[in-house]
Amino acid sequence: MKTFRALALLLFTYLSSMAQTTPDYSAFSYETFVHNGDTLRYRMLKPLNYESQKAYPLVMFLHGSGERGTDNAAQLLHGGSLFLKDSLRQQFPAFVIFPQCPPDSMWANMKVKRDATGKAIERSFSDGTDVEATPGLLVKLLTDSLVKAGRVDSRKLYLGGLSLGGIGTYDILARYPGMWAAAFPICGIGNVDNAVKFKKVPMWIFHGAEDNVVPTFGSKNYYEALKKLKADVKYTEYPGVGHNSWDNAFAEPNLLPWLFSHKK
């Protein structure tokens, strides 16, 4: 009996600790956007003390490949808790949207060549003139609809993403550079020739120095190209950090102040 009680106490303690550490994402509403039969699931956080007659800034954040699905939940795993902090919500009232890319889909057109072990050894990316990947197009159309409805301020649209979402960020910027007031791609990669298209969009790029999934040059090449174009661009590389550089990026105290300081 004593052994049973001890095990029960351990289980209760474990479950209690899990409940305390698992963020409560219930403030993010469950939403869908449908266009020509295609559906984009997304979670949306309204501004704190929301006033329906006002137009607010919008942060659109694209998740990585591991959060693809149809549950309309997994995409909040990385970054969702950042935007729930009361202090930040009070300081930067905004709509925050985390769309979810369907399984076996991507935010941007990309071809990947792999070796026998499945490791990516070569990637090719769009120049932004081909037919856009459906999830990326739906992100753009959803943003348009919110602007048209007067809910968000067209001068204060911000785009970010990690890994697959970083790739999508570069792709969407190349296709619609005039939309965005600032962007923050994390451990992304893309067609660097597209940099000239969005040189007027202020950008803060992040990457881990030991990333073995998306090579660091994916970010460095963009940074160097944008610097040559005299763009407003920052680059932060984290020594000793692998692919999950988003943890470091989200911990940057100046990330949101920097982001919301920009407007078109």
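One can find the structure itself at the top, above this paragraph.
Residues numbered from 1 in each chain as written. Predicted model: local features only at pLDDT ≥ 70, side-chain atom pairs only at ≥ 80, totals over all residues. Heavy atoms only, no water.

1. Digging into the packing of aromatic side chains
- This structure, assessed with the given rule, holds 18 aromatic pairs.
- Positioned above the aromatic ring of Trp204, the side-chain terminus of Lys234 is 3.6 Å from the ring centre. (Phe/Tyr/Trp six-rings, centres within 6.5 Å; stacked < 30°, edge-to-face > 60°. Lys NZ or Arg CZ within 6 Å of the ring centre and 35° of its normal.)

2. A word on the pattern of salt bridges
- Under the counting rule described, the total for this entry stands at 5 salt bridges.
- The shortest N-O distance in the salt bridge between Asp171 and Arg175 comes to 2.8 Å. Of this pair, Asp171 and Arg175 both sit in helix α4 (residues 164–175), 4 residues apart, roughly one helical turn. The residues Asp171 and Arg175 share a single accessibility class, namely buried.
- One connected set of salt bridges, linked through shared partners, spans Asp130, Asp171 and Arg175. (Salt bridge = Lys/Arg side-chain N within 4 Å of Asp/Glu carboxyl O. Helix = DSSP H or I, 4+ residues; strand = E, 2+ residues; numbered from the N terminus. Buried < 20%, exposed > 50% of the residue type's maximum accessible area, 1.4 Å probe, protein only.)

3. Quick look at the environment of Gly190
- One can find Gly190 in the loop between β8 (182–186) and β9 (203–208).
- Of the residues examined, Gly190 reaches a relative accessible area of 16% and is grouped as buried.
- Gly190 sits 30 residues away from Lys220 along the chain, and the two C-alpha atoms are 11 Å apart.
- Those residues within four positions of Gly190 in sequence are excluded, and the remaining contacts are Phe125 and Tyr222. (Contact = heavy atoms within 4.5 Å.)

4. Remarks on the state of the cysteines
- One pass over the structure, following the stated rule, counts 0 disulfides.
- Left unpaired, Cys101 is separated from the closest cysteine sulfur, that of Cys187, by 16 Å. (Disulfide = S-S within 2.5 Å.)

5. So, the nonpolar core
- Ranked by internal contacts, the top residues of the largest apolar core, which has 43 residues, are Met60, Trp180 and Phe198.
- Counting only elements with at least two residues in this core, the list comes to β2 (38–45), β3 (56–62), β4 (95–100), α3 (134–148), β7 (152–162), α4, β9 and α5 (217–228).
- If one sorts the elements of this core by residue count, α4 sits on top with 6 residues.
- Among the nonpolar cores identified, the runner-up in size contains 33 residues, and Leu45, Phe184, Ile186 and Phe206 belong to it. (Core = buried A, V, L, I, M, F, W, Y, C linked by side-chain atoms within 4.5 Å.)

6. Concerning the sheet that holds β7
- If you trace the 8 strands from one edge of the open sheet to the other, you get β1-β2-β4-β3-β7-β8-β9-β10, paired in mixed fashion. Each end of this open sheet is capped by a strand with a single partner; those strands are β1 (28–35) and β10 (233–238). Across the sheet, the mean angle from the axis of one strand to that of its neighbour is 20°, orientation sign disregarded.
- Inspection of the sheet shows β7 paired to β8 by 5 bridges, in the parallel sense. Within the sheet, the bridge partner assigned to Leu159 lies in β8 and is Ala183.
- Contacts from α3 reach β1, β2, β3, β4 and β7, with the element oriented near 55° to β2.
- Of the strands in this sheet, β3, β7, β8 and β9 are in contact with α4, which crosses β7 at around 140°. (Pairing = 2+ DSSP bridges. Axes fitted to C-alpha atoms, helices over the stretch in contact; angles between N-to-C directions.)

7. Considering α5
- With 12 residues, α5 extends 16 Å between its outermost C-alpha atoms, agreeing within 8% with the 16 Å of an ideal straight helix rising 1.5 Å per residue.
- What α5 keeps buried is the set Gly218, Ser219, Tyr222, Ala225 and Leu226. Buried residues in α5, looked at end-on, bunch into an arc of 135°, giving them a common side.
- With its phi angle positive at about 60°, Lys230 sits one or two positions after the end of α5. (Expected span 1.5 Å × (residues − 1). Arc of directions from axis to C-beta.)

8. Re unusual backbone geometry
- Although it is not a glycine, Cys187 adopts a positive phi angle of roughly 40°.
- As for its position among the elements, Cys187 is in the loop between β8 and β9.
- Its identity is not glycine, yet Lys230 carries a phi of approximately 60°, on the positive side.
- Along the chain, the position of Lys230 falls in the loop between α5 and β10.

9. Quick look at α4
- With 12 residues, α4 should reach 16 Å at 1.5 Å per residue; the first-to-last C-alpha distance of 17 Å fits that figure.
- Taking burial as the measure, the 12 residues of α4 include 12 buried ones, the bulk of the element.
- All of the buried residues in α4 are Leu164, Gly165, Gly166, Ile167, Gly168, Thr169, Tyr170, Asp171, Ile172, Leu173, Ala174 and Arg175.

These figures capture arrangement, not role.
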